[in-house]
Amino acid sequence: MDATYHLGGGYKPTLKRFADLNGPDYFPTPRWATFALLDNEKFSGDVWESACGDGAMSNVLQEAGLNVFSSDLYQRGFGEAGVDFLDNEITSENIITNPPYNSAEGFVQQGLKKSTKKFALLLRLAFLEGANRNRSIFSTNPPARVWVFSERITFYPAGVEAKGSGTTAYAWFVWDKDTQGTELCWLKPGYKAKYR
C-alpha cells in the first residue's frame, strides 16, 4: 500500500484520492452511500454501473431489485473488464456510478449521450465549482437534482479497514431526461448507521 495513506499511525484516505491511471488502486463505495441514493431517487429500467470495481455499488443496486450491467476498465474480479466508459457505443436506460476523480467531466459528457432516462454520479460537492464546468456542463446540461450528503463519506483503498470520518463533502449528481432545472436537496443523516 502507498505509504501516504499512513500518517501518524492513522489512515487519511481523503488526502489522496485520485483515479488509478495504471490500475492498481481504487476506492469502493460504502454500501450506505448507494442506499442513500436509492431511497431518494427511483430508477425504472436497466442500470449500467460503468466503473464497478469490486462490485460494491452493483451489489447494492441488485439487492434493491434493479437489473444491473456491471463493467470496469480494469479487471477487479467483478463485472465485464476492459470496457472504457469514455470510448464505447453501449447505452442504458440508467447509469449509476462513482467515476474516477480525474475523469468526472468525461463521465458527465458520456452519461448525457449513453443514458436514455437518468444517470447519477457520486462526485465531490466541489464539482459544482469551476468556470470550465460552468461552460461545458452546467450552462447547457445542469443536473436535475444534487443530493448533498449530511454525513461525510470516507473512501478507503480496497482491503483497508474503514475507520474515522472523511474531510471531503460529496453529493449524488442526478441528470434526469424528464426534468428541467436543478433542485438542491439534502440527504437526511442516519444512512451510515442504518446500512453499514
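Described in the following lines is the structure provided in the data block.

The rules behind these values
- Residues numbered from 1 in each chain as written.
- Predicted model: local features only at pLDDT ≥ 70, side-chain atom pairs only at ≥ 80, totals over all residues.
- Heavy atoms only, no water.
- Axes fitted to C-alpha atoms, helices over the stretch in contact; angles between N-to-C directions.
- Helix = DSSP H or I, 4+ residues; strand = E, 2+ residues; numbered from the N terminus.
- Parallel < 35°, antiparallel > 145°, perpendicular 65-115°, else oblique.
- Left-handed = near helix turned anticlockwise from the far one by under 90°.
- Contact = heavy atoms within 4.5 Å.
- Core = buried A, V, L, I, M, F, W, Y, C linked by side-chain atoms within 4.5 Å.
- Buried < 20%, exposed > 50% of the residue type's maximum accessible area, 1.4 Å probe, protein only.
- Salt bridge = Lys/Arg side-chain N within 4 Å of Asp/Glu carboxyl O.
- Pairing = 2+ DSSP bridges.

## Description of the packing of helix α1 (residues 31-40) against helix α2 (residues 56-63)
Here is step 1: One way to put it is that α1 packs onto α2 with a least axis distance of 9 Å and a crossing angle of 45°. Taken together, the axis directions place α1 and α2 in an arrangement best described as oblique. Of the two elements, α1 crosses α2, and the hand of that crossing is right-handed. Between α1 and α2, the residues in contact are Arg31, Thr34, Phe35 and Leu38 and Met57, Val60, Leu61 and Glu63, respectively.

## Looking at the environment of Ile96
Here is step 1: Its location among the elements puts Ile96 in strand β6 (residues 92-97).
Here is step 2: With 25 residues separating them along the chain, Ile96 and Leu121 place their C-alpha atoms 6.0 Å apart.
Here is step 3: Once residues lying within four places of it in the same chain are set aside, the contact partners of Ile96 are Leu37, Phe43, Val47, Trp48, Glu49, Ser50, Met57, Leu61, Ala120 and Trp172.

## Looking at the nonpolar core
Here is step 1: Counting residues in hydrophobic clusters, the biggest one holds 28 residues, and the most contacted among them are Leu61, Ile96, Phe149, Ile153 and Trp172.
Here is step 2: Mapped by element, the contributors of at least two residues to this core are α1, α2, β7 (115-124), β8 (145-149), β9 (170-176) and β10 (183-187).
Here is step 3: At 6 residues, α1 tops the list of elements feeding residues into this core.
Here is step 4: Of all hydrophobic cores here, the second largest spans 20 residues; its members include Trp48, Phe119, Ala171 and Trp175.

## Thoughts on the pairing of β9
Here is step 1: Among the 7 residues of β9, 7 are classified as buried, and the element is accordingly described as predominantly covered.
Here is step 2: Burial along β9 is two-sided: the residues Tyr170, Trp172, Val174 and Asp176 and Ala171, Phe173 and Trp175 are all buried.

## A look at the pattern of salt bridges
Here is step 1: Using the criterion set out here, one finds 7 salt bridges in the structure.
Here is step 2: Here Glu41 and Lys118 are joined by a salt bridge, their closest N and O atoms 2.7 Å apart. Here Lys118 lies in strand β7 and Glu41 lies in the loop between α1 and β3 (47-49), a separation of 77 residues in the sequence.
Here is step 3: With relative accessibility at 12%, the residue Lys118 sits in the buried group.
Here is step 4: For Glu41, a relative accessible area of 3% corresponds to the buried category.
Here is step 5: Here the salt bridges share partners, and the residues they tie into one network are Glu41, Lys118, Arg145 and Asp176.

## Considering the sheet that holds β6
Here is step 1: In spatial order, the strands read β5-β4-β3-β6-β7-β9-β8-β10; together these 8 strands make up an open sheet with mixed pairing. Lying at the two open borders of the sheet, with one neighbouring strand each, are β5 (80-81) and β10.
Here is step 2: Two elements, β8 and β10, share 5 bridges in a ladder whose sense is parallel. Bridged to Phe149 within β10 is Leu187.
Here is step 3: Here helix α3 (residues 104-114) sits on the sheet in contact with β3, β6, β7 and β9, set at roughly 165° to β7.

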